[in-house]
Amino acid sequence: MKIPFTTEQFLSVFENYNTAVFPFHWVTILLGILALLLVHASHSLKNKFIGSFLGVLWIWMGLVYHIIFFTTINKLAFLFGAAFIVQGLLILINTFLKDKLSFSFYSQTKNYFGYFFILFGLIIYPLISYFIQGSVNRTIAIGLPCPSTIFTFGFFMTAGKKFPKY
């Protein structure tokens, strides 16, 4: 199967996105760090904050990255964008309407793996991307699909037993 775009076109999408949304990266990184710290907190609003952050992040990626930027090189990005928006809405529904998302850290193997995935998506993935690309503008960081998916998966691993299977 032939990919409908070149590597250079793909990397230029990241560059265009990063340039257009600056300083959004710093905001998402700070919110991601806050969410990670809140996993350890006992504050009653921590689940609402983490769920809100993840839900809005997925809607952002669907709308801004996929639909606005990625569609310039691949029209299937409209489908990807819609799927990301639906996922974001499901996270928000399960955070607010169904109250099924609760996040906490216990000394269990799955939580350590979850913590690793959160840190990988938030810090390690962007650092690797930066060193490979050699450019801040081409760095793939949270707010873009790959590291944000890993980051979200990590939080889902810290979610309680009411976590919806879909």
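Refer to the structure above for everything that follows.
Residues numbered from 1 in each chain as written. Predicted model: local features only at pLDDT ≥ 70, side-chain atom pairs only at ≥ 80, totals over all residues. Heavy atoms only, no water.

Caption draft 1: Layout of the overall build of the protein chain. Of the regular secondary structure elements, the protein chain holds six helices and zero strands. Starting at the N terminus and walking to the C terminus, you meet the elements of the protein chain as α-α-α-α-α-α. Taken over C-alpha atoms, the radius of gyration comes to 16 Å for the protein chain, in line with the 15 Å a tight globule of 166 residues would show. Considering only C-alpha atoms, the protein chain reaches an extent of 45 × 30 × 30 Å along its principal axes. As displayed, the protein chain has an accessible area near 9,100 Å², and 74% of this comes from carbon and sulfur atoms. (Helix = DSSP H or I, 4+ residues; strand = E, 2+ residues; numbered from the N terminus. Rg over C-alpha atoms; globule rule 2.2 N^0.38 Å. Areas by Shrake-Rupley, 256 points an atom, 1.4 Å probe, with all protein chains shown as cover.)

Caption draft 2: Spatial organisation of a nonpolar patch on the surface. Residues Phe116, Ile123, Ile124, Leu127, Ile128, Tyr130, Phe131, Ile132 and Val136 make up a contiguous nonpolar surface patch of roughly 880 Å² in combined accessible area. By the element assignment, Tyr130 lies in helix α5 (residues 109–133). (Patch = residues over 30% accessible without salt bridge, like charges linked within 9 Å, V, L, I, M, F, W, Y side chains within 5 Å. Salt bridge = Lys/Arg side-chain N within 4 Å of Asp/Glu carboxyl O.)

Caption draft 3: Broad picture of unusual backbone geometry. Note that the residue after Phe22, namely Pro23, is joined by a cis bond; omega there is 10°. Looking at the element boundaries, Pro23 is found in the loop between α1 (7–21) and α2 (24–38). One non-glycine residue, Asp99, lies in the positive phi region at around 50°. Its place among the elements puts Asp99 in the loop between α4 (77–97) and α5. Assessed through its relative accessible area of 41%, Asp99 is described here as partly exposed. (Buried < 20%, exposed > 50% of the residue type's maximum accessible area, 1.4 Å probe, protein only.)

Caption draft 4: Structural detail: the pattern of salt bridges. Throughout the structure, instances matching the rule amount to three salt bridges. When the shortest N-O distance is used, the salt bridge between Arg138 and Glu15 registers 3.1 Å. Taken together, the residues span a long stretch of sequence, with Arg138 in the loop between α5 and α6 (145–157) and Glu15 in helix α1 at a distance of 123 residues. Look at Glu15 and you get partly exposed, because its relative accessible area is 27%. Each of Glu8, Glu15 and Arg138 takes part in one network of salt bridges that share partners.

Distances and angles like these do not, on their own, reveal function.
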